[in-house]
Amino acid sequence: MTAFNPHGTSLNHGILSVLVQNRPGVLARVASLFARRGYNIFSLAVAPAEDETQSRITIVVDLESAPLEQMVKQLFKLVDVVKISELDPRRSIERELLLATVRADTGQRSEIVELVKIFEAKILAVGSDAVTVSLEGHPDKLDDFEELLDSYAIVELQRTGRVALPKLDRAARLRAVNPNQKGKVS
Amino acid sequence: MSTASTRMTGAQALIKALEMEQVDTIFGLPGGCILPAYDPLLESSIRHVLVRHEQGAGHMAEGYAHVTGRPGVAMVTSGPAATNLVTPLMDAYMDSIPMVGITGQVGTSAIGSDAFQECDTVGITRSCTKHNELVMTPDDIPLAVRQAFHLATTGRPGPVLLDLPKDVLQNEMTWHWPTDDEVAGSLPGYRPTMKGHPRMIKEAARMILAAERPVLYVGGGMLKARAAEILRELAEMTGINVVTTLMARGVFPDDHELCLGMPGMHGTIAATTAMQRADLLIALGARFDDRITGRLDAFAPDAKIIHVDIDPAEQGKVRRPDVPIVGDCRLVTEEIVQAIRDLTASGIEQADITAWKSRVSGWQEIFPLTYDEASPGAGLKPQYCLEELRAASTDETILVSGVGQHQMWASLHWKFNQPYSWVNSGGLGTMGFSIPAAIGAKAGRPDATVWAVDGDGCFQMTAQELVTATVERIPVKVALLNNSYLGMVRQWQEMFYDERYSEVYLSTETPDYVKWAESMGCVGIRVESPEEVGPAIEKANSINDRSVVVEFRTDSEEKVFPMVPAGVSNDEVLVHPSQEQFRAQLG
């Protein structure tokens, strides 16, 4: 078994972003649906979404256990599930990820670029009135970044929640590199 | 309605909310944590039927829902009562029966402490309900009730459970009855698709007109959608044969010339074989259950599939459809009928299906349902008993079955000409379903004659509810086919386990069903010879002030035919031994 990068690009997994009503037991509903239907989950992260009455669950699923289409349709039968997006598998690192779309006119954009530089964050997309930024790293660092971003209008915010793997020694890390993964696995 | 300032307890709000939802009957049994809810019930217009076991309450709610189309309500206490409700909830979930379960729960401060009669009801029932909710404050009760009824009855119907802690029932709240918009707004992720996709509808209509060997494969979803009329119109305008699954019996009249009856493991040869040889299956509210398809990779190999279902997850779950249509079965069938009219009006003609239909009617003629005459001195033939019972009944008679051989015989040998005249446990296959479900059906349709057909194995699981029937004055009639065995298991052991009978013999004389029936306040009649069958049925039908149990002593060795053995292709169906010589005609 090779080490698995939950946001990696291997072909046997898919990533679902599931917007749910933020209510007691909703995670249990999702988890028990996967268990009952025999769908395997590689990783799962939950955090409140931009609307505090809702949460986003990012689930990395095993496509060998069932077709993604069935998983999506069965998930959508849960009354608490509001929206499901299939995300393209993409490169990421472990720990935690923050994605935020911030409303920004041309004047504010440079302030946000400055913020991004300080935090060693990234600008993923620039629109006419908004930018989408990302920051990977320790959750504490993400908290600080989010707090500063909050002085601008956050349109959408998604944090993956903590995803952690034990540290490996150098030899083990080399062994763990999956030759099928196109992205870095730093 | 009431002003916003009306104060009441959570329990009063619960009963009031149920009244607002037009509930006329609750099947239930009180206990510690649900006690507060039973107090305002004394002043309520709602009838409460006191059951003898909580499982009975659940199945009664199902039977009620089956025949009325309105959600059945079962109310029980926490812990063991809630777990006793699990079987009916799962049964309702599998068969998409609208039902609302209400359970008591220990006080909110005691939850999680392993208190007396505490169990994790919402956890336990999560995978056997469409939705469930632990209500944590009395103010939430009216919305929770409205949501529950909305969810249970719309989209793909199903059971919804509300778990109500004792203090939530006892504490006061301010009454507020949520509006439709508030209910919809509280369920942002719940928007069942009702209308079909226009392009798919048109494509379906085109395929129906082009098909040379089409079959209408009709499932229970058509009953749920109340689509019997439009189905008949579709069938008659196209002349396409109809098969009705176990859950759909009655949605299309058995005496209609286009009706082929039930397909599948114990289906008629004509129905099963027509599906196998079809070039188009028009699946309406059906879910390609393994009891229908047999070995999946050999099922209907040449057929294109139009699949109409309100549940998107049914599309492609088992068999990939060529034309998937998500929507309400009645609306979509109406749209298909209109699309066919439009195409016909534009000059497109339907393909000639006369050759196909003569093949189908050939199978009907060569392979009718049949069984051997009873040998003198041997047990009665169960099929004969059912045919006699049907002959003494009307189309309006409601037949409620348990699970096993008797269920298959009932589905095969009864002529269903009315929708909602057949109640059974299809998906879950719950033995013991029929007695409580029949009582629930009778409570929902007091005008109708309700016959339960049951086996001796099933009867012994839930017969005590006949006490409920007597005390609550809900008289039902029971045709008990006593073959002294767990008959279907016995059939499998005879056919597939070299007649090695393991733990299937019950007993012929014990219990004494007549005495048992009498002790429960019913009339008990034992029938042992063919001459007694007709008079016993006549007597049972003449008694309407109490329940009647007619015990038919039937032949233990009688088997259900046709039969497709589990995991085998439908092409390898076992016909009745007397028809084996005609096998070649199945091609």
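Keep in mind that what you see is a predicted model, and the values were worked out from it rather than measured. (Residues numbered from 1 in each chain as written. Chains lettered and ligands numbered in written order. Predicted model: local features only at pLDDT ≥ 70, side-chain atom pairs only at ≥ 80, totals over all residues. Heavy atoms only, no water.)

### Topic: the overall build of chain A
Threshold: Secondary structure is summarised from DSSP: a helix means a run of H or I of at least four residues, a strand means a run of E of at least two, and numbering begins at the N terminus for each. Only protein chains enter the area calculation, which uses a 1.4 Å probe; residues under 20% of their type maximum are buried, those over 50% are exposed, and those in between are partly exposed. Whether two residues are in contact is decided by their heavy atoms: any pair within 4.5 Å suffices. We get accessible surface area from the Shrake-Rupley algorithm with a probe of 1.4 Å; when it comes to residues, only the shown protein chains can shield them.
Summing up its helical and strand segments, chain A has five helices and eight strands in all. When the helices and strands of chain A are read in sequence order from the N terminus, they spell out β-α-β-β-α-β-β-α-β-β-α-β-α. Here chain A holds 186 residues, and 46% of them are scored as buried. Considering only residue pairs separated by 6 or more positions, chain A has 70% of its internal contacts joining residues 24 or more positions apart. In the form shown here, chain A has an accessible surface area of approximately 10000 Å², with 52% of it arising from carbon and sulfur atoms.

### Digging into the state of the cysteines
All names here are of chain B. Which entries qualify depends on this criterion: What counts as a disulfide here is a pair of cysteine sulfur atoms lying within 2.5 Å.
A full pass over the atoms with the stated rule returns zero disulfides over all chains. With no disulfide of its own, cysteine 329 lies closest to cysteine 259 among cysteine sulfurs, the gap being 17 Å. Cysteine 522 carries a free sulfur, and the closest cysteine sulfur to it, the one in cysteine 458, is 17 Å from it. Here cysteine 522 falls in the buried class, since its relative accessible area comes to 3%.

### Digging into the domain arrangement of chain B
Reports of interface size often rely on the accessible area that becomes lost once the parts have come together. Residues and elements named next belong to chain B. For clarity, the cut-off: Domain extents, as shown, originate in an automatic or database domain assignment. For any pair of parts, buried area is found by adding up, for both, the accessible area (1.4 Å probe) each one loses once the two are put together. Salt bridges are identified by distance alone: a Lys or Arg side-chain nitrogen within 4 Å of an Asp or Glu carboxyl oxygen. Identification of polar contacts relies on pairs of N or O atoms within 3.5 Å, with a donor-acceptor requirement for protein atoms, meaning one able to donate a hydrogen and the other able to accept it, and with residues adjacent in sequence counted only if both atoms are side-chain atoms. Amino acid classes used here: Ala, Val, Leu, Ile, Met, Phe, Trp, Tyr, Cys and Pro are nonpolar; Asp, Glu, Lys and Arg are charged; the rest, including Gly, are polar.
Considered domain by domain, chain B is made up of domain 1 (7–186), domain 2 (198–366) and domain 3 (382–553). Summarising the inter-unit geometry, the C-alpha centres of domain 2 and domain 3 are found 31 Å apart. Between domain 2 and domain 3, the residue contacts involve 19 residues of the former and 18 residues of the latter. Buried surface at the junction of domain 2 and domain 3, both sides included, amounts to about 1500 Å², of which 60% is carbon and sulfur. Of all residues in domain 2, the largest losses of buried area upon contact with domain 3 belong to Leu246, Arg249 and His266, amounting jointly to 38% of the total for that side. Here domain 2 is connected to domain 3 by zero salt bridges. Here domain 2 is connected to domain 3 by six residue pairs in polar contact (both at pLDDT 80 or more). A class-by-class count of the residues in the side of domain 2 that touches domain 3 yields nine nonpolar, four polar and six charged.

### Comments concerning the domain arrangement of chain A
Residue and element names in this part refer to chain A. Domain parsing of chain A yields domain 1 (13–87) and domain 2 (96–159). Approximately 460 Å² of surface area, both sides summed, lies buried where domain 1 meets domain 2, with 37% of it carried by carbon and sulfur atoms. Counting across the interface, domain 1 meets domain 2 through one salt bridge. Of the charged contacts, one joins arginine 56 and glutamate 156 as a salt bridge, the two residues approaching to 2.8 Å between their closest N and O atoms. Applying the counting criterion to the domain 1 and domain 2 interface returns one residue pair in polar contact (both at pLDDT 80 or more). Of all elements in the fold, only β2 (41–48) and β3 (54–62) reach the threshold of two or more residues within the side of domain 1 that touches domain 2. Its residues assigned to classes, the side of domain 1 that touches domain 2 comprises three nonpolar, two polar and two charged.

### Observations concerning the side chain of B:Asp163
All names here are of chain B. Note on placement: aspartate 163 falls in strand β7 (residues 159–165). A distance of 2.8 Å separates a polar atom in the side chain of aspartate 163 from a polar atom in the side chain of threonine 103. Leaving out residues up to four positions away in the same chain, aspartate 163 has contacts with Thr103, Gly104, Gln105, Thr121, Val122, Glu133, Leu134 and Val135.

### As for the sheet that holds strand β10 (residues 241–244) of chain B
Residue and element names in this part refer to chain B. How we decide: A pair of strands is treated as paired once DSSP finds two or more bridges between them. Angles run from 0 to 180 degrees between N-to-C directions of axes, and those axes are lines fitted to C-alpha atoms, restricted for helices to the stretch in contact.
The six strands lie next to each other as β11-β10-β9-β12-β13-β14, forming an open sheet whose pairing is parallel. In this open sheet, the two edge strands, each paired with only one partner strand, are β11 (259–261) and β14 (323–326). With strand direction ignored, the average angle separating the axes of adjacent strands in the sheet is 20°. Direction of pairing for strand β12 (residues 280–284) relative to strand β13 (residues 304–309): parallel, over a ladder of five bridges. Looking at β13, one finds that leucine 280 is bridged to lysine 304. Sheet contacts for helix α12 (residues 228–238): β9 (214–218), β10 and β12; angle to β9, the most-contacted strand, approximately 170°. Helix α16 (residues 354–366) contacts β9, β10 and β11 of the sheet and is inclined by roughly 40° relative to β11.

### Thoughts on the packing of α12(B) against helix α15 (residues 329–345) of chain B
Residues and elements named next belong to chain B. Note the following rule: Angles are sorted into four bins: roughly parallel if under 35 degrees, roughly antiparallel if over 145, roughly perpendicular if 65 to 115, and oblique for all others. Take the far helix as the reference: if the near one is turned anticlockwise from it by less than a right angle, the crossing is left-handed, and if turned clockwise, right-handed.
At a minimum axis distance of 9 Å, the contact between α12 and α15 shows a crossing angle of 25°. When the axis of α12 is compared with that of α15, the two are roughly parallel. Crossing of α12 over α15 shows left-handed handedness. Listed contacts from α15 to Ile230, Glu233, Leu234, Met237 and Thr238 of α12 are Arg330, Thr333, Glu334, Ile336, Val337, Ile340 and Arg341. When grouped by side-chain class, the residues that make up the contact of α12 with α15 number six nonpolar, two polar and four charged.

### So, the interface of chain B and chain A
Across the boundary between the two partners, chain B contributes 22 residues, which contact 18 residues of chain A. Overall, the association of chain B and chain A removes approximately 1600 Å² of surface from exposure, summing both partners, and the carbon and sulfur fraction of that is 47%. The largest contributions to the chain B side of the interface with chain A come from B:Arg126, B:Gly189 and B:Ala313, which together make up 30% of the buried area. Along the contact surface separating chain B from chain A lie three salt bridges. Salt-bridge contacts for B:Arg320 lead to A:Glu69; the nearest nitrogen and oxygen are separated by 3.4 Å.

### Observations regarding helix α1 (residues 26–37) of chain A
The test is simple: To estimate the expected span of a helix, subtract one from its residue number and multiply by 1.5 Å. The arc under discussion is defined with respect to the helix axis, by the directions toward the C-beta atoms.
The end-to-end C-alpha separation of α1(A) is 17 Å, in line with the 16 Å expected for 12 residues at 1.5 Å each. Every buried residue of α1(A) is listed here: A:Val26, A:Arg29, A:Val30, A:Leu33 and A:Phe34. Across the axial projection of α1(A), the buried residues extend over an arc of 130°, all falling on one side. Buried residues along α1(A) sit against β1 (13–21), β2, β3 and α2 (68–76) of chain A together with β6 (131–134) of chain B. Once α1(A) finishes, A:Gly38 follows within two positions and takes phi at roughly 75°, a positive value.

### Topic: the packing of aromatic side chains
Residues and elements named next belong to chain B. As a reminder, the rule being used: Classification of ring pairs rests on two measures: the distance between centres of Phe, Tyr or Trp rings, Trp counted by its six-membered ring, which must be within 6.5 Å, and the angle between planes, read as stacked under 30 degrees, edge-to-face over 60 and tilted in between. For a ring to carry a charge above it, either NZ of a lysine or CZ of an arginine must fall within 6 Å of the ring centroid while also lying within 35 degrees of the normal to the ring plane.
Tallying each qualifying case throughout the model produces 14 aromatic pairs over all chains. Relative to tryptophan 177, the ring of tryptophan 175 lies with its centre 5.7 Å away and its plane at 5°, an arrangement referred to as stacked. Under the relative-accessibility criterion, tryptophan 175 is labelled buried at 2%. Arranged with centres 6.2 Å apart and planes meeting at 80°, the rings of phenylalanine 288 and phenylalanine 299 form a pair that is edge-to-face. With phenylalanine 288 in the loop between β12 and α14 (290–293) and phenylalanine 299 in the loop between α14 and β13, this residue pair connects regions lying 11 residues apart in the sequence. Both residues of the pair, phenylalanine 288 and phenylalanine 299, belong to the buried class. Of the aromatic side chains, those joined through ring pairs into one cluster are Tyr217, Phe288 and Phe299. Cation over ring: arginine 226 sits above tyrosine 420, and NZ or CZ is 4.1 Å from the ring centre. In this structure, arginine 490 is placed above the aromatic ring of tyrosine 485, and the distance from its NZ or CZ to the ring centre is 5.1 Å.

### Some thoughts on helix α7 (residues 141–153) of chain B
All names here are of chain B. Taking 1.5 Å of rise per residue, 13 residues should cover 18 Å, and α7 covers 18 Å from first to last C-alpha, within 8% of that figure. Those residues of α7 that fall on the buried side of the exposure criterion are Ile141, Pro142, Ala144, Val145, Arg146, Gln147, Ala148, Phe149, Leu151 and Ala152. Trailing α7 by a residue or two, glycine 155 shows a phi angle of about 60°, which is positive.

### Structural notes on the confidence of the model for chain A
Our working rule: One number per residue, pLDDT, summarises how confident the predictor is, and it ranges from 0 to 100.
Mean pLDDT over chain A works out to 78, with 76% of the residues at or above the 70 mark. Within the model, the stretch residues 164–186 of chain A combines pLDDT values under 50 with 19 contacts to residues more than four positions away or in other chains.

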